[in-house]
Amino acid sequence: MTILVVNPNSNPDVTAAIEQTAAAFRLDETTKIEVQDLAEAPFGIESQRDGDLVAPMLTDIAAERRDLTGLVIACFSDPGLAACREVAPCPVWGIGEAAVATALARADTAGVVALSTGSVARHWRAWRRLGVATRIVGEEPVSLSVAQSGDRDVLPALAEAGQRLIRRGADIIIMGCAGMGGQAHDLEQRLGVPVIDPVAAGIGMALAHVLSGRHALAAGL
């Protein structure tokens, strides 16, 4: 049983951060979680155009990898998600949808620390489509590029954005970029409220699917 996690940009630092998160979910030798990026993709998904550009690349992977038990698109904007679900032989998760579902399963209201002002409009389109917009108290952009998202020196800016969201009524904070995930624990310690790493949310859902299938097989269901 194989879960593939795709970073749909060509930034090796973001891929390394995703790999670090994935490592925590490899429970044993039977839990195979692969991580890859897209060498031909933009260095970061920072616009709708970037997302539209990588969607066909993701769809090709989804159609070609017939061995997969689960596929995770590790970009918060969930590029190509609907198309991948049409062609993949397995369930497909986008980390944006997964992060919001995880957050709203734990708390009544959530706030999103967004990468940039430009990403906020894309996110709100998704929240309205999912029917959860009334439970998102807001988004606070930190004006970073994808390449900067994992830098340790941006933690104070992430914390300030999180504090503004808490003052607006957020019970839980969602990190709005795959590259931010490595700082979720430290941010949670600073803010005193739960913080959702979207990559962990996506992989967690895929792994739960794999484990539930394994349980059904063991039970003879």
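Residues numbered from 1 in each chain as written. Predicted model: local features only at pLDDT ≥ 70, side-chain atom pairs only at ≥ 80, totals over all residues. Heavy atoms only, no water.

Undergrad: Explain the nonpolar core to me, please; I cannot follow it from the model alone.
TA: Generally speaking, a soluble globular protein has its nonpolar side chains buried in company with each other. Grouped together as the largest cluster of nonpolar side chains are 38 residues, with contacts concentrated most on Ile3, Val5, Val113, Leu158, Ile173, Met180 and Leu187. Those residues within four positions of Leu187 in sequence are excluded, and the remaining contacts are Leu155, Leu158, Ala159, Met175 and Val195. Listed in part, the 18 residues of the second largest apolar core include Leu71, Ile73, Leu81 and Val92. (Core = buried A, V, L, I, M, F, W, Y, C linked by side-chain atoms within 4.5 Å. Buried < 20%, exposed > 50% of the residue type's maximum accessible area, 1.4 Å probe, protein only. Contact = heavy atoms within 4.5 Å.)

Undergrad: Would you explain the packing of helix H6 (residues 155-167) against helix H7 (residues 184-191) in this entry?
TA: Working note: a packed helix pair is described by the angle between its axes plus the distance between those axes. Taken N-terminus to C-terminus, the directions of H6 and H7 make an angle of 50 degrees; their axes are 10 Å apart at the nearest point. Compared by their axis directions, H6 and H7 come out oblique. Between H6 and H7 the crossing geometry is right-handed. Of the residues in H7, those in contact with Leu155, Pro156, Leu158, Ala159, Gly162, Gln163 and Ile166 of H6 are Asp186, Leu187, Arg190 and Leu191. (Axes fitted to C-alpha atoms, helices over the stretch in contact; angles between N-to-C directions. Helix = DSSP H or I, 4+ residues; strand = E, 2+ residues; numbered from the N terminus. Parallel < 35°, antiparallel > 145°, perpendicular 65-115°, else oblique. Left-handed = near helix turned anticlockwise from the far one by under 90°.)

Undergrad: What am I meant to see in the environment of Gly94 here?
TA: Mapped onto the elements, Gly94 comes out in strand S4 (residues 92-94). Residue classification places Gly94 among the buried residues on the basis of a relative accessible area of 2%. Sequence-wise, Gly94 and Val5 are 89 residues apart; in three dimensions their C-alpha atoms are separated by 9.9 Å. Excluding residues within four positions of it along the chain, Gly94 makes contact with Ile73, Asp78 and Leu81.

Undergrad: What is the right way to look at the pairing of strand S1 (residues 2-7) in this model?
TA: On any regular strand, side chains alternate: one points to one face of the sheet, the next to the other face. Along S1, six of the six residues are buried, which leaves the element largely enclosed by surrounding structure. Sheet analysis places S1 next to strand S2 (residues 32-37), joined by six bridges and oriented parallel. Paired with Ile3 across the bridge in S2 is Ile33. Handedness of the crossover is the feature at issue here: the chain leaves S1, passes through helix H1 (residues 12-23), returns alongside S2, and the resulting connection is right-handed. Direction of pairing for S1 relative to strand S3 (residues 70-73): parallel, over a ladder of four bridges. Its bridge partner lying in S3, Val5 is registered against Val72. (Pairing = 2+ DSSP bridges. Right-handed = clockwise from strand over helix to strand, strands pointing away.)

Interpretation note: all reported values are geometric properties and have no functional meaning in isolation.
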